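Structural features, examined
Okay, here's what each chain looks like letter by letter:
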Amino acid sequence: MALVAFVVAARRVGRARIPIVHGAVAAMSSYLLMLPLVLLGPAGGDPAQIALTVAASLITGAAVGFLQGSRR
């Protein structure tokens, strides 16, 4: 489900100069907005889970930014 949120966040690269970076930052920012809620959960303080989700957001956002940037 998180990947869908990252795709939605990174889809609107618009006229960004570097769409890969724009997509990655947008996806990671969407996760950072959710992080306080994640930390309230029972396994929320797991650093490995947080690091892997940040990595997934960056990779997904960069891929979506690249695809959207190549479509313009």
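The coordinates are above.
Throughout what follows, the structure given in this document is the object of discussion. Just so we're clear, the structure is a prediction, and the values are computed from it rather than from any experiment.

Quick word on the overall build of the chain
Of the regular secondary structure elements, the chain holds three helices and zero strands. Taking all 72 residues of the chain together, the buried fraction comes to 32%. Accessible area for the chain stands at about 4900 Å²; split by element, carbon and sulfur atoms hold 72% of it.

Remarks on the packing of aromatic side chains
For the structure on display, the rule yields one aromatic pair. The interplanar angle of 85° and the centroid separation of 6.5 Å between the aromatic rings of Phe6 and Tyr31 together place this pair among those described as edge-to-face. Taken together, the residues Phe6 in helix H1 (residues 2-10) and Tyr31 in helix H2 (residues 19-40) connect sequence positions 25 residues apart. With respect to burial, Phe6 and Tyr31 carry one shared label: buried.

What to know about helix H3 (residues 47-70)
Here H3 contains 24 residues, and its C-alpha end-to-end distance of 34 Å stays within 8% of the 34 Å for a straight helix at 1.5 Å per residue. When we look at burial in H3, the residues that qualify are Ile50, Thr53, Ser57, Thr60, Gly61, Ala62, Val64, Gly65, Gln68 and Gly69. In this fold, the buried residues of H3 make contact with H1 and H2.

What about the side chain of Gln68?
Looking at where Gln68 falls in the secondary structure, it is placed in helix H3. Once residues lying within four places of it in the same chain are set aside, the contact partners of Gln68 are Arg11 and Val13.

Let's talk about the side chain of Thr53
Within the fold, Thr53 resides in helix H3. Side-chain polar atoms of Thr53 contact the backbone oxygen of Gln49, separated by 2.8 Å. Non-local contacts of Thr53, meaning those with residues more than four positions away in its chain, are made with Phe6 and Tyr31.

Conventions and cut-offs
- Residues numbered from 1 in each chain as written.
- Predicted model: local features only at pLDDT ≥ 70, side-chain atom pairs only at ≥ 80, totals over all residues.
- Heavy atoms only, no water.
- Helix = DSSP H or I, 4+ residues; strand = E, 2+ residues; numbered from the N terminus.
- Buried < 20%, exposed > 50% of the residue type's maximum accessible area, 1.4 Å probe, protein only.
- Areas by Shrake-Rupley, 256 points an atom, 1.4 Å probe, with all protein chains shown as cover.
- Phe/Tyr/Trp six-rings, centres within 6.5 Å; stacked < 30°, edge-to-face > 60°.
- Expected span 1.5 Å × (residues − 1).
- Contact = heavy atoms within 4.5 Å.
- Polar contact = N/O pair within 3.5 Å; in protein donor to acceptor, adjacent residues only side chain to side chain.

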